[in-house]
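Fold and contact review
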Amino acid sequence: MKEKCTEPGCDNVILIGMPGAGKSTLGIVLAKILNYNFVDADLVIQNQCDKTLQKLLDACGPDGFIEMENQVLSDMDFQRTVVATGGSAVYSAAAMEHLRSIGRVVYLKISFDQLRERLCDFQDRGVVLRKGISMSLRELYDERRPLYEMYADITVDVNDLSITAAARKVASALQ
Ligand SMILES: Nc1ncnc2c1ncn2[C@@H]1O[C@H](COP(=O)(O)OP(=O)(O)OP(=O)(O)O)[C@@H](O)[C@H]1O
Ligand SMILES: O=C(O)C1=C[C@@H](O)[C@@H](O)[C@H](O)C1
Ligand SMILES: [Mg+2]
């Protein structure tokens, strides 16, 4: 298997996973543990478009949002940075290939039950539902899980862990 590059420019940590898996909350704790910077891709998108994610989703629809997210993620260029992606990042193949080239991709894995607990309001939470608003949470989970698995360099099961414990587990998986 090809060794992953860990030189400056490809020493980043890219968090992927279901909405609510903890990419944003855990990401900042992880960045402190690693002495890295932290970037939340969702905030970069909001800043660049000057609109909230929900407004962007309403205005552009799922396909338009994915296209915009693809563009923002594909332009990312950092060093020693933990990047929390949005849960929908894995719909953008070009973006994921780029992110894999600038760092290690860590999949924060949660069970369907844990996703359901954290996302009880998912139809109003700004989640990309490619099959429309009638899409169930189960369908969302089943559609995305293989994509997260496909792009992951490292998978960390974060079920039933506090945010700090999960961040520590990711940090040791990266060693
Ligand atoms: N390990 C955890 N234990 C308990 N609650 C958690 C844990 N991780 C995250 N949460 C809670 O779940 C909610 C969503 O977390 P967060 O925003 O970090 O998810 P995310 O993966 O960034 O989602 P998105 O893809 O929508 O950006 C928050 O309220 C957060 O406090
Ligand atoms: O999982 C999703 O579909 C999303 C998660 C958020 O982080 C945002 O990126 C956006 O609201 C879409
Ligand atoms: Mg987030």
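What counts, and at which threshold
Residues numbered from 1 in each chain as written. Chains lettered and ligands numbered in written order. Predicted model: local features only at pLDDT ≥ 70, side-chain atom pairs only at ≥ 80, totals over all residues. Heavy atoms only, no water. UniProt positions renumbered as here; feature names shortened; annotations may be inferred. Helix = DSSP H or I, 4+ residues; strand = E, 2+ residues; numbered from the N terminus. Rg over C-alpha atoms; globule rule 2.2 N^0.38 Å. Buried < 20%, exposed > 50% of the residue type's maximum accessible area, 1.4 Å probe, protein only. Areas by Shrake-Rupley, 256 points an atom, 1.4 Å probe, with all protein chains shown as cover. Lys, Arg positive; Asp, Glu negative; His and termini not counted. Charge placed at Lys NZ, Arg CZ, Asp CG, Glu CD. Near = heavy atom within 4 Å. Polar contact = N/O pair within 3.5 Å; in protein donor to acceptor, adjacent residues only side chain to side chain. Nonpolar A, V, L, I, M, F, W, Y, C, P; charged D, E, K, R; others polar.

Per an unreviewed UniProt entry, the chain goes by Shikimate kinase and derives from Parvibacter caecicola. Recorded in UniProt for the chain, the comment headed Sequence similarities (unreviewed entry) runs: "Belongs to the shikimate kinase family." Annotation of the chain in UniProt includes, under Pathway (unreviewed entry), the sentence "Metabolic intermediate biosynthesis; chorismate biosynthesis; chorismate from D-erythrose 4-phosphate and phosphoenolpyruvate: step 5/7."

1. Section: the overall build of the chain
The number of helices and strands found in the chain is 7 helices and 5 strands. Counting from the amino terminus, the chain carries its helices and strands in the arrangement β-α-β-α-α-β-α-β-α-α-β-α. Whereas a compact globule of 175 residues would reach a radius of gyration of roughly 16 Å, the chain reaches 15 Å, a difference of no more than 12%. C-alpha extents for the chain along the principal axes are approximately 40 × 35 × 30 Å. Counting only residues that meet the buried cut, the chain has 47% of its 175 residues in that class. Taken as a whole, the chain presents about 8900 Å² of accessible surface, with 48% of it coming from carbon and sulfur. Computing the positive centroid from 20 side-chain charges and the negative centroid from 24, the chain places the two 4 Å apart.

2. Some points on the site of ligand 1
The full set close to ligand 1 counts 16 residues, and Gly20, Lys23, Thr25, Arg125 and Leu161 are the nearest of them. Arg118 is positioned such that a nitrogen or oxygen atom in its side chain is 3.5 Å from a nitrogen atom of ligand 1. Contact with the protein chains removes 71% of the 640 Å² of surface that ligand 1 exposes when unbound. Ranked by residue count, the leading element in the shell around ligand 1 is helix α1 (residues 23-34), at 3 residues. Split by residue class, the shell around ligand 1 holds 5 nonpolar, 7 polar and 4 charged.

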